[in-house]
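# Structure assessment
Chain by chain, the residues:
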Number of protein chains: 2
Amino acid sequence: MKINWSGRAHNYSSADVNYLLKIIKKADPMTQGYYLKKFQKDFSDYIGKKNVFAVSSAAAALEIISALLKIKKNEEVILPAHTYCASAIPFARNGAKLVWADINFDSRTIDLEDFKKKVTKKTRAVIIVHLYGYAVDFRNIINFCKKKKIKIIEDCAQALGAEINNNKVGTLGDFSCYSFHAQKNITTLGEGGMLFVRDQNLAKKVPGLRHNGHSNFKFKRKYYWKPAMGNVDSDIIGQWPFKFTLSEVQCGAGIRMLKKLDSLNNLRIQRARKIIDKLSNFKELKFFNPNGKRRHVYHLLSAYYKPSKKINRDDLINLLNKKYKIQSVIQYYPLYNYDLFKKNGFGTANCPNTEKFYNNMISFPFHIWMTVTEIKYLISSISKSLKILQKKR
Amino acid sequence: MKINWSGRAHNYSSADVNYLLKIIKKADPMTQGYYLKKFQKDFSDYIGKKNVFAVSSAAAALEIISALLKIKKNEEVILPAHTYCASAIPFARNGAKLVWADINFDSRTIDLEDFKKKVTKKTRAVIIVHLYGYAVDFRNIINFCKKKKIKIIEDCAQALGAEINNNKVGTLGDFSCYSFHAQKNITTLGEGGMLFVRDQNLAKKVPGLRHNGHSNFKFKRKYYWKPAMGNVDSDIIGQWPFKFTLSEVQCGAGIRMLKKLDSLNNLRIQRARKIIDKLSNFKELKFFNPNGKRRHVYHLLSAYYKPSKKINRDDLINLLNKKYKIQSVIQYYPLYNYDLFKKNGFGTANCPNTEKFYNNMISFPFHIWMTVTEIKYLISSISKSLKILQKKR
């Protein structure tokens with residue numbers, strides 16, 4: 001047996017595929033039509049909020065958020081360094097100073113106390129990343145942020161369906177983004193994303209920002225064709241619109257998979273808990289054991305491996321890879337260590353937990369299409385590896 | 001009978017659909033895999049140039065070009081005002097001053113003499129837009145631009161397959177973009193684009209710019225997983241990477257449609273010529289009659305309607321719409337008239353031909369899926385309308 005890291009989130013059923021076929025064969029228009037509206041409506045119903053907009057990626061959603069915020073040069077955006085780079089790039093593009101917050105060592109997500117310490121008069125926004133599908137309970141900073149006029153952006157790229165006290169993630173902040181990329185819990189044929197904007201007036205600006213500034217003329221037209229089919233405009237001077245539209249067939253895939261999201265997530269949760277439980281005797285391997293009123297959707301299955309003097313995480317990855325053909329990886333290199341951020345002046349941080357977790361974490365393959373047999377093989381291989389390493393510690 | 005403006009470029013055959021089905025069901029990864037490579041290879045073979053990159057849209061290709069050029073504030077980019085807004089936005093985003101060139105009244109594309117007049121010491125680039133599928137023969141400005149270090153960007157969004165003296169459009173300039181949007185001659189399921197970069201060193205930077213800066217580490221790694229699966233970098237300080245990836249199934253659609261492109265374009269050309277020929281007795285309606293060694297792919301079927309004192313283009317659109325249920329439109333509102341460009345300081349221009357053509361042009365529905373009967377109906381309805389209007393002129 002062999003378990004590779006995969007670039008495929010799930011399989012589509014025959015019924016899903018037939019639904020997509022109809023769109024491929026018949027949809028007119030093939031982009032920005034019926035299925036876009038329906039996907040947005042369904043998604044809105046799912047999270048229980050209006051003002052949701054399907055876009056080409058979660059990164060695209062963040063670009064639009066950055067434009068809506070009119071981030072100015074040297075205004076500060078605070079975000080955890082332990083995340084994927086796309087959380088940071090759109091704000092840096094607009095000239096923001098990126099300020100790295102540390103993570104809480106247990107939850108592996110932003111340390112809200114460290115965030116507070118790093119707030120200055122220039123702080124415009126904080127990005128709460130619900131990494132790994134772990135819901136960050138940030139309710140106790142909402143008033144703090146309101147007072148200081150700091151906008152809360154929830155990055156739910158990995159956490160669609162996770163909950164905080166019965167609120168879906170992405171619904172308590174000012175803005176949020178979701179991802180339907182190939183590896184996410186559900187995917188719109190490999191690429192896609194969703195944007196939520198709380199403020200009604202800002203939300204009105206999104207369709208134009210998403211599609212090259214297309215909007216209605218502010219005057220009444222005598223002819224449908226004059227002066228043009230529509231206006232091109234932006235209410236935000238200096239912020240130019242984008243081309244972030246999601247095609248009809250991708251929206252169709254979203255419509256289908258959204259119906260299955262809860263059952264897919266339940267299966268993930270059940271499997272993750274089983275694996276964590278079966279490995280609970282190994283005290284050197286620490287999964288995140290969430291408590292409180294939260295639902296975590298286990299986009300990834302990662303753990304901290306406590307090193308001894310002789311044996312560390314790399315030995316575990318190596319053993320799993322060589323002996324059991326199980327391809328584990330490390331996520332995430334602290335962003336300030338990447339050349340992109342170093343070269344652009346964001347190469348320093350005070351994030352000890354981020355460092356410690358990065359140096360000792362392992363992310364196991366954990367794809368929803370894995371069979372029961374493969375899950376069993378994963379558990380037994382990790383167990384065997386840990387036992388082998390225990391003798392060498 | 002009724003002919004609406006459509007948002008669907010063409011129909012997919014059963015064989016095409018089966019090909020796409022296989023990708024939907026089996027592709028792993030679902031983005032950035034085998035089909036991306038194959039699509040790029042096939043496209044490269046088709047235009048006869050290396051360094052082509054599939055992206056999420058033609059606008060995305062232009063964003064990457066703008067980043068590669070490292071356009072600085074107030075550097076000038078010259079482009080025709082008679083084009084779609086996406087030609088301009090990416091350069092404006094980077095701070096370029098947009099300088100509007102007029103069009104040649106007959107060809108409806110950039111007036112190369114007017115371009116030369118508008119060149120200053122600050123001119124960094126010129127955008128040659130092969131609008132309507134008309135190939136612009138710009139060979140006589142290539143040396144001029146080289147001397148003045150002005151980069152030539154070809155916007156081939158509407159012109160894939162058009163030729164200049166047996167060179168495919170997009171292969172004579174420094175950069176070019178192509179579109180596979182829903183309405184284009186071929187579409188990758190509604191959204192998609194392609195980028196060509198002549199310079200080998202600049203081309204190397206594209207995969208990173210396309211995908212959040214992902215690139216290889218410059219040092220040799222001991223472990224595949226450390227420090228991370230890959231580096232995140234950009235060689236261009238201050239230019240941040242994007243998320244402009246095209247999914248595998250979209251690349252698959254591109255692979256299939258590229259095989260049919262020439263036959264689809266030939267059918268378009270044949271039909272356009274027939275319509276133009278059948279309407280040639282109406283001297284008040286002027287289509288573009290290309291001459292010289294060029295192949296035009298008639299993405300659109302537009303004409304200049306010479307107004308009389310009493311009757312103008314709006315009467316023709318109105319009559320076709322009301323009496324014959326044929327939905328014609330106007331393309332394109334001069335970009336400097338849109339609120340987006342006005343508000344950002346690009347609201348003035350000296351482009352008399354652009355004005356005159358805009359005020360008197362009509363674009364007829366001309367979709368490849370139209371039946372022979374519909375084409376006949378289109379011709380006869382235009383004829384009848386022109387005759388009715390002739391009596392009133």
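Residues numbered from 1 in each chain as written. Chains lettered and ligands numbered in written order. Predicted model: local features only at pLDDT ≥ 70, side-chain atom pairs only at ≥ 80, totals over all residues.

### Let's talk about the interface of chain A and chain B
Contacts between chain A and chain B engage 61 residues on the former and 60 residues on the latter. Of all the elements in the fold, those that place two or more residues in the side of chain A that touches chain B are helix H1 (14-26), helix H3 (58-68), helix H4 (89-93), strand E11 (231-232), helix H9 (248-278), helix H10 (313-324) and helix H11 (339-343) of chain A. Looking at the side of chain A that touches chain B, the element that brings in the most residues is H1 of chain A, giving five residues. Split into classes, the residues belonging to the side of chain A that touches chain B amount to 32 nonpolar, 17 polar and twelve charged. (Contact = placed C-beta atoms within 7 Å. Helix = DSSP H or I, 4+ residues; strand = E, 2+ residues; numbered from the N terminus. Nonpolar A, V, L, I, M, F, W, Y, C, P; charged D, E, K, R; others polar.)

### Points about the relation of the copies chain A and chain B
Laying chain A over chain B is done by rotating through 180° and shifting 0.0 Å along the axis; what remains is an RMSD of 0.0 Å. This pairing of chains is accounted for by a two-fold axis. Looking at chain A, 98% of its interface residues are interface residues in chain B too, so the copies touch through the same face. (Least-squares fit on C-alpha atoms with pLDDT ≥ 70 in both.)

### Points about helix H9 (residues 248-278) of chain B
Compared with the 45 Å implied by 1.5 Å per residue over 31 residues, the 43 Å span of H9 of chain B between its first and last C-alpha is a close match. The largest bend in H9 of chain B is about 50°, located at Lys260 of chain B. (Expected span 1.5 Å × (residues − 1). Bend = angle between axes of the 7 residues up to and from the residue.)

### Some remarks on the domain arrangement of chain A
Residues and elements named next belong to chain A. What the domain assignment lists for chain A is domain 1 (14-258) and domain 2 (259-392). Taking the mean C-alpha position of each, domain 1 and domain 2 sit 27 Å from one another. Taken together, the contact between domain 1 and domain 2 spans 36 residues of the former and 35 residues of the latter. Mapped onto the side of domain 1 that touches domain 2, the elements with two or more residues apiece are strand E3 (97-101), strand E6 (163-164) and H9. Its residues placed into classes, the side of domain 1 that touches domain 2 shows 19 nonpolar, nine polar and eight charged. (Domains from an automatic or database assignment.)

### Remarks on helix H12 (residues 352-360) of chain A
All names here are of chain A. Residues of H12 that are buried include every one of Thr354, Phe357 and Tyr358, and no others. The arc that holds every buried residue of H12, seen down its axis, measures 100°, which confines them to one face. Contacts made by the buried residues of H12 are with strand E14 (301-305) and strand E15 (361-364). (Buried ≥ 20, exposed ≤ 12 C-beta atoms within 10 Å, placed from the backbone. Arc of directions from axis to C-beta.)

### Re the sheet that holds E6 of chain A
Residue and element names in this part refer to chain A. Overall, antiparallel pairing links the three strands, which are arranged E7-E6-E13 in an open sheet. Each edge of the open sheet is held by one strand with a lone partner, namely strand E7 (167-168) and strand E13 (294-295). Here E6 runs beside E7; their pairing, made up of two bridges, is antiparallel. Bridging across to E7, Glu163 finds its partner in Lys168. (Pairing = 2+ DSSP bridges.)

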